[in-house]
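Residue-level listing of the chains:
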Amino acid sequence: MNPDELPMADPGREEMAREIFPLDVSPEEYAAREAHHWLCFSFDDYRYSDPRLTQWIQRLGDILFRRNGAPSVEDLRTKFLSPDEAAAIEEEIKARGEAEF
C-alpha cells in the first residue's frame, strides 16, 4: 500500500514512534539489533506528520514482514553485528522459546 493512502497516526502513537525509533540509525541496523524484541508490529499501518518517520517505519515493516524485496533479519545481523552480538541475540531468543518474524 502507498503510505500516502494510510491513515494518519493519532498524536499518542506518533509521540510513541518518535520515542521508540532512532532515525539516526538505519531501519536495517535497527532490525538487526531489535527485531527479536517485537512480537507484533503495527506502526507501519499509519503515516506520520514527519515523512522521514513514515519512510523509516515503512522500511522497518518491510524488513520485519519480508515485503518489497527487503533483506532478512538474519542477513542484516550478519552485516551489522559482531558474531558475539548475534550469538547473544540467538541465546535470548532461545531462552524465551520464541520464533522470530
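All of these numbers come straight from a predicted model, not from anything done at the bench. (Residues numbered from 1 in each chain as written. Predicted model: local features only at pLDDT ≥ 70, side-chain atom pairs only at ≥ 80, totals over all residues. Heavy atoms only, no water.)

### Remarks on the side chain of Glu-14
Thinking step 1. As for its placement among the helices and strands, Glu-14 is situated in helix H1 (residues 11–20).
Thinking step 2. Residue classification places Glu-14 among the buried positions, given a relative accessible area of 8%.
Thinking step 3. Within polar-contact distance, the side chain of Glu-14 engages the side chain of Arg-18 at 2.8 Å.
Thinking step 4. In this structure the side chain of Glu-14 is engaged in a polar contact, spanning 2.6 Å, whose partner is the side chain of Ser-49.
Thinking step 5. Excluding its chain neighbours within four sequence positions, the residues that come into contact with Glu-14 are Ala-9, Tyr-48, Ser-49, Asp-50 and Leu-53. (Helix = DSSP H or I, 4+ residues; strand = E, 2+ residues; numbered from the N terminus. Buried < 20%, exposed > 50% of the residue type's maximum accessible area, 1.4 Å probe, protein only. Polar contact = N/O pair within 3.5 Å; in protein donor to acceptor, adjacent residues only side chain to side chain. Contact = heavy atoms within 4.5 Å.)

### Let's talk about the packing of helix H2 (residues 27–34) against helix H3 (residues 51–64)
Thinking step 1. Between H2 and H3, the least distance of the axes is 9 Å, while the angle of their chain directions is 50°. Taken together, the axis directions place H2 and H3 in an arrangement best described as oblique. The crossing of H2 and H3 is right-handed. The segment H2 lies against H3, with Pro-27, Glu-28, Tyr-30 and Ala-31 engaging Trp-56, Arg-59, Leu-60 and Ile-63.
Thinking step 2. Classifying every residue of the contact of H2 with H3 by side-chain character gives six nonpolar, no polar and two charged. (Axes fitted to C-alpha atoms, helices over the stretch in contact; angles between N-to-C directions. Parallel < 35°, antiparallel > 145°, perpendicular 65-115°, else oblique. Left-handed = near helix turned anticlockwise from the far one by under 90°. Nonpolar A, V, L, I, M, F, W, Y, C, P; charged D, E, K, R; others polar.)

### Regarding the packing of aromatic side chains
Thinking step 1. Inspection of every chain in the model, using the stated rule, returns nine aromatic pairs.
Thinking step 2. Seen in terms of ring centroids, Phe-21 and Trp-38 are 5.8 Å apart; in terms of plane orientation they differ by 20°. Their pairing is stacked. Taken as a pair, Phe-21 in the loop between H1 and H2 and Trp-38 in the loop between H2 and H3 lie far apart in primary sequence, 17 residues in all.
Thinking step 3. Using a relative accessible area of 3% as the deciding quantity, one classes Phe-21 as buried.
Thinking step 4. Ring geometry for Phe-21 versus Phe-41: centroids 6.2 Å apart, planes at 70°, classification edge-to-face. Highlighted residues: Phe-21 in the loop between H1 and H2 and Phe-41 in the loop between H2 and H3, separated in sequence by 20 residues. (Phe/Tyr/Trp six-rings, centres within 6.5 Å; stacked < 30°, edge-to-face > 60°.)

### Focus: the pattern of salt bridges
Thinking step 1. Going through the model one piece at a time under the given rule, you end up with nine salt bridges.
Thinking step 2. In this structure, the salt-bridge partner of Arg-96 is Glu-92, at a minimum N-O distance of 3.2 Å. Note that Arg-96 and Glu-92 are positioned in helix H5 (residues 83–96) at a spacing of four residues, about one turn of the helix. (Salt bridge = Lys/Arg side-chain N within 4 Å of Asp/Glu carboxyl O.)

### A short note on the packing of H2 against helix H4 (residues 73–80)
Thinking step 1. Where H2 contacts H4, the axes come no closer than 8 Å and their chain directions differ by 100°. Between H2 and H4, the angle is such that the two are roughly perpendicular. Here H2 contributes Glu-28, Glu-29, Ala-31, Ala-32 and Arg-33 to the contact with H4, which in turn contributes Val-73, Leu-76, Arg-77 and Phe-80.
Thinking step 2. Among the residues making up the contact of H2 with H4, the classes are represented as five nonpolar, no polar and four charged.

All quantities given are derived from atomic positions and should not be read as evidence of function.
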